[in-house]
Amino acid sequence: MSIRYPIGESGQFLTLEQDVLDHLAKWRQLGPKMPEAGGQLFGAVEGQCIQVKLATGPRRSDRRGRFFFIADRFAERREISTLHQSGLHYFGDWHTHPQPIPTPSETDISSMADLFARSKHELNAFLMVIVGTAGFPEGLHVSLHEANSWSKLASKKSQ
């Protein structure tokens, strides 16, 4: 199974593939002392479909606590380069929150805006997925981020 997210009125949609959903579910903060986790999201564009096929992380070099996740950006840049050579494109980041239905913090929003503005890319927006403790799709916050704006996507389950 996958989860689809229509992207506004564009006719495009974003799909989180089953392998990605499995990886995200594995890192949910279900225990009272579990630290936040996170990583990057990669995939391919096929016609009107933006397919997220791989979620990476967390890495041993990331800094993690109950209410924070700080990625090793050097390791992430190497990962982007390596995976791009194998045909996968970087789309954005994911991380967990210890709440059932996650919502982005001001830090999450400003970090994504800064990342979008400072990165060299050809994307219209970066993807952010926040993984909560509730089941999917309710336990996922999925949004697209530009330098000065962002929008939340609403899911549609698909087979």
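A quick note: this is a predicted structure, and the numbers were derived from the prediction, not measured.

A. Structural view of the nonpolar core. In terms of nonpolar packing, the biggest core is built from 24 residues, with Leu 14, Leu 24, Leu 127, Val 129, Leu 140 and Val 142 touching the most fellow members. Secondary-structure elements contributing two or more residues to this core are strand E1 (2-6), strand E2 (13-16), helix H1 (18-26), strand E4 (49-55), strand E7 (89-96), strand E8 (126-131) and strand E9 (140-145). Look past the residues within four positions of Val 142 in its chain and what remains in contact with it is Tyr 5, Leu 14, Leu 16, Leu 127, Met 128, Val 129, Ser 151, Lys 152 and Leu 153. Listed in part, the 10 residues of the second largest apolar core include Phe 42, Leu 88, Tyr 90 and Ile 130.

B. Main features of the environment of Met 112. Residue position: Met 112 is located in helix H3 (residues 106-118). On the basis of relative accessibility, which here comes to 4%, the residue Met 112 falls in the buried class. For Met 112 and Val 129, which are 17 residues apart along the polypeptide, the C-alpha to C-alpha distance reads 11 Å. If we skip the residues at most four places from it in the chain, Met 112 touches Asp 93, Phe 126, Leu 127, Met 128 and His 145.

C. View of the environment of Glu 106. With respect to the secondary-structure elements, Glu 106 resides in helix H3. For Glu 106, a relative accessible area of 65% puts it in the exposed group. Taking C-alpha positions, Glu 106 is 23 Å from Pro 32, a pair spaced 74 residues apart along the chain.

D. Geometry of the layout of surface pockets. Within this model, the largest pocket holds a volume of roughly 890 Å³. Together, 32 residues line the largest pocket, and Tyr 90, Phe 91, His 121, Leu 123 and Phe 126 are the ones closest to its centre. Only strand E3 (38-46), helix H2 (73-85), E7, H3, E8, E9 and strand E10 (150-152) provide two or more residues apiece to the lining of the largest pocket. A per-class count over the lining of the largest pocket returns 14 nonpolar, 11 polar and seven charged. Its boundaries defined by the atoms lining it, the second largest pocket holds a volume of some 450 Å³. Around the second largest pocket sit 21 residues that line it, and Phe 69, His 95, Thr 107, Asp 108 and Ser 111 are the ones nearest its centre.

Conventions we followed
- Residues numbered from 1 in each chain as written.
- Predicted model: local features only at pLDDT ≥ 70, side-chain atom pairs only at ≥ 80, totals over all residues.
- Heavy atoms only, no water.
- Core = buried A, V, L, I, M, F, W, Y, C linked by side-chain atoms within 4.5 Å.
- Buried < 20%, exposed > 50% of the residue type's maximum accessible area, 1.4 Å probe, protein only.
- Helix = DSSP H or I, 4+ residues; strand = E, 2+ residues; numbered from the N terminus.
- Contact = heavy atoms within 4.5 Å.
- 1 Å grid on protein atoms, 1.4 Å probe; cavity = no way out; pocket = protein on both sides within 12 Å on 5 of 7 lines; lining within 4 Å.
- Points joined across faces, edges and corners; volume = space filled by probe spheres on them.
- Nonpolar A, V, L, I, M, F, W, Y, C, P; charged D, E, K, R; others polar.

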